[in-house]
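# A look at the structure
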Amino acid sequence: MDKFRMIFQFFQSNQESFMNGICGIMALASTQMYSAFDFNCPCLPQYNLAYGLGILLVPPFILFLLGFVLNNNISMLAEEWRRPRGRRGKDPAVLRYMFCSMAQRAMIAPVVWLSVTLLDGKCITCAFCTSVPVETLGNASHPRLSQGEVQRLLAQIPCKEIYNGQQLIANEVAVRYLRCISQALGWCFVLLMTTLAFLVRSLRPCFSQAAFLKSRYWSHYIDIERKLFDETCAEHARSFAKVCIQQFFEGMSTDLVAAHCHLPRKAPADTGEAAEKLLGITDQGTMNMALKSWHRCKPPLHLHPPAQPTGNGWAGEGQPPTHPSAPRKETAAYYSWV
Amino acid sequence: MDRFRMIFQYFQSNSESVMNGICGLLALASVKMYTSLDFSCPCLPQYNMAYGLGIMFVPPIILFLCGLILNRQSLVMLEEWRRPPGHRKKDQAVIRYMCSSIMQRAMVAPVVWIIVTLLDGKCLICAFSGSMDPQKFVGFANVSTEQVQLLLAKVPCKDDELMRNNTSRKAVSRYLRCWSQALGWSILLILIIAAFLARWLRPCFSQATLLQARHWSNYIDIEQKIFEDTCCEHSRLFAHKCILHFFESMQQEIKLHSFSLPREGEGAEGGEGLVQGITDHDQVNKLLKTWYYEKPPLDVSQAHQR
């Protein structure tokens, strides 16, 4: 019991750190994904913006959803939200607390992706290279070109090898400009997120600390209760199975005796315990019959009261009236295999 | 009792060392961030100063806030600060002690960033190349004012076509880097001397107050951890009783409905006791359905009285 308690406490205190660990792993995975990803700007006027913004915004959305999927508590939250009221009231504060803590953890990997992308600069360079201010940055002496031509040339900025607009605007100048803007955006974004996190964390103890303690306690309680219920059901299933199987073997050996199919050999007196464990099945033929019967015709999910003095294991008092005929059907089916 | 003492000591020693560890990790992370950051000065007159000073000062603010967020003790301190007095008076010295230790730890990573930035020099070169006096450098002395501004702004970019082989560019760059490194080393020296003095001179003043403040701040930290653990333990026991109560009430309901004779306990050890009333496929299904549709009330007082 002591060991149980220690393991439970470990699990309980560790669930938060377990979820924090998953959170950190996902953040690392997102940086790894970004560095392994082969970024290929299309360098075409119509596609650049879509590609750049797509790479910037779609993976964070996927990572956010993945953060929810990998969180075990999402099913607990859904269950608590949808269950009928019954005899226990529902506390919306608890639901809000559970949802907020899950959402906060799920937001870390997307924020990491966005920061790394903005600080690296390739996405913004690809997406906004056609909007570079050519008048201020470009060479003063460039030939007059049509708007479409200018757009086409500017779109090639991210692809240095095919860029042939040097006389319009130098490639390095444009890339430096765009990367500077991208990094400024990135740092401002990280600063904003960190400030938000700091405010959320530090303002909470100043207001509603008591309500917070309450919500945290009851959300842990719901989690523990669910786990304990599953364990209790597993224990019950184990006992149920044990008794069911025991009754199956008893029923089999009783029926064998009753049908005179096989005279039970008397076990020697000094092996009393072993004989008991054998449950009346003492030779190959009977064992084979027991195994075949177990496979072909499993006993009903219905335990009887302990052995009646009549020796007929099937009929007994205490059966709920809902299954009067099933045992007899099983008996008949069993006999047909003899 | 022995185990309790061991756990106590673990908690006691580990809070400080965990905080120190996080502090060190953040400092390492700041160095790593700086080296992996692709510093690209825009080399444009209006943007250089903003970019250079931004890279030098915005990440330290972020690292400082991260240091406060990741430190568990800051939450403890805030709670202690904002709680109503109740039956326990508040000691301002303890709160001040906790605040100062949190701030000291949070300041390490930003200071590391600023010093690494200054010793490397790129930020200062980018920010202040446009503010140089062109007369001091031969290559920029006889150029018109707007042109000189443009040229000076391009000094941090070595590969720019205008600046590729310009010796005056190297002169400006070296000059600024020298200033930057001097500033960096001076700041480092001042900080280390200040830390040294603070640590050596502290025992000379108010040592007793310090010992008290440290003891009670540790106490508050441990008390909160133990309270959380006790709540977990309590909710586990509560859930256990609630579920057993639920199973018993289901058994009773089934007994009432099926009018069966009360059975003698087959052996009420552990699992066998559970199986007594619930021995049927349908009964188990009913139990599970009831668990979902009608969770039992959060009240185990009846279970106690039985």
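Residues numbered from 1 in each chain as written. Chains lettered and ligands numbered in written order. Predicted model: local features only at pLDDT ≥ 70, side-chain atom pairs only at ≥ 80, totals over all residues. Heavy atoms only, no water.

Bringing unusual backbone geometry into the picture now. Residues and elements named next belong to chain B. In this structure, Cys 43 is a non-glycine residue whose phi angle is positive, near 60°. Mapped onto the secondary structure, Cys 43 falls in the loop between α1 (2-36) and α2 (48-70). The class of Cys 43 is buried, set by a relative accessible area of 1%. You will see that Ser 206, though not glycine, has its phi angle at about 45°, which is positive. In this fold, Ser 206 is placed in the loop between α8 (167-201) and α9 (207-258). (Helix = DSSP H or I, 4+ residues; strand = E, 2+ residues; numbered from the N terminus. Buried < 20%, exposed > 50% of the residue type's maximum accessible area, 1.4 Å probe, protein only.)

Residues and elements named next belong to chain B. Under the feature "transmembrane region" (unreviewed entry), the UniProt entry names residues 49-70, 106-130 and 182-201. Helix makes up 84% of residues 106-130 and strand 0%, and the two end C-alpha atoms of the span are 34 Å apart. Structurally, residues 182-201 comprises 100% helix and 0% strand, and the distance from its first C-alpha atom to its last is 28 Å. (UniProt positions renumbered as here; feature names shortened; annotations may be inferred.)

All names here are of chain A. Under the criterion given, the structure shown has four disulfides over all chains. At a sulfur-sulfur separation of 1.9 Å, the disulfide partner of Cys 41 is Cys 126. Handedness of the Cys 41-Cys 126 disulfide follows from its S-S torsion of about 85°: it is right-handed. With a gap of 85 residues between them, Cys 41 in the loop between α1 (2-36) and α2 (48-69) and Cys 126 in helix α6 (residues 122-128) connect regions that are remote in the sequence. Residues Cys 41 and Cys 126 agree in their burial class; the two are buried. The disulfide bridge from Cys 43 ends at Cys 159, spanning 1.7 Å between sulfur atoms. (Disulfide = S-S within 2.5 Å.)

Here we take up the packing of helix α3 (residues 73-82) of chain A against helix α4 (residues 92-106) of chain A. Residues and elements named next belong to chain A. Orientation of α3 relative to α4, taken along the N-to-C sense of each, is 155°, at an axis distance of 10 Å. It follows from the interaxial angle that α3 and α4 lie roughly antiparallel. Pair α3 / α4 crosses with left-handed handedness. In contact with Asn 73, Ile 74, Met 76, Leu 77, Glu 80 and Trp 81 of α3, α4 contributes Leu 95, Met 98, Phe 99 and Met 102. Tallied by class, residues from the contact of α3 with α4 come to eight nonpolar, one polar and one charged. (Axes fitted to C-alpha atoms, helices over the stretch in contact; angles between N-to-C directions. Parallel < 35°, antiparallel > 145°, perpendicular 65-115°, else oblique. Left-handed = near helix turned anticlockwise from the far one by under 90°. Contact = heavy atoms within 4.5 Å. Nonpolar A, V, L, I, M, F, W, Y, C, P; charged D, E, K, R; others polar.)

Let's shift gears to the domain arrangement of chain B. Residues and elements named next belong to chain B. Considered domain by domain, chain B is made up of domain 1 (1-205) and domain 2 (210-255 + 279-305). Across the contact, 15 residues belong to domain 1 and 16 residues belong to domain 2. When domain 1 packs against domain 2, the two sides together hide about 1600 Å² of surface, and 59% of this comes from carbon and sulfur. Its salt-bridge partner being Asp 221, residue Arg 72 comes within 2.8 Å of it at the nearest N-O pair. Counting every contact that joins domain 1 to domain 2 gives four residue pairs in polar contact (both at pLDDT 80 or more). At the level of elements, α1, α3 (72-82) and α4 (92-106) are the ones that each hand at least two residues to the side of domain 1 that touches domain 2. Looking at the side of domain 1 that touches domain 2, the element that brings in the most residues is α1, giving five residues. Along the lines of polarity and charge, the residues of the side of domain 1 that touches domain 2 split into seven nonpolar, two polar and six charged. (Domains from an automatic or database assignment. Buried area = accessible area lost by both parts, 1.4 Å probe. Salt bridge = Lys/Arg side-chain N within 4 Å of Asp/Glu carboxyl O. Polar contact = N/O pair within 3.5 Å; in protein donor to acceptor, adjacent residues only side chain to side chain.)

Per the UniProt entry, the sites bearing "transmembrane region" (unreviewed entry) are residues 21-37, 49-72 and 181-200 of chain A in this numbering. Helix makes up 88% of residues 49-72 of chain A and strand 0%, with an end-to-end C-alpha separation of 37 Å.

Now for the domain arrangement of chain A. Interfaces are frequently sized by the accessible area removed from exposure as the parts join. Residues and elements named next belong to chain A. When the domains of chain A are assigned, the result is domain 1 (1-207) and domain 2 (210-254). The C-alpha centroid of domain 2 is placed 42 Å from the C-alpha centroid of domain 1. Buried surface at the junction of domain 1 and domain 2, both sides included, amounts to about 1500 Å², of which 60% is carbon and sulfur. Linking domain 1 to domain 2 there are one salt bridge. Note that Glu 225 and Arg 88 form a salt bridge whose closest N and O atoms lie 2.8 Å from each other. Inspection of the region where domain 1 meets domain 2 yields two residue pairs in polar contact (both at pLDDT 80 or more). Elements that contribute at least two residues to the side of domain 1 that touches domain 2 include exactly α1, α3 and α4. Split into classes, the residues belonging to the side of domain 1 that touches domain 2 amount to seven nonpolar, five polar and six charged.

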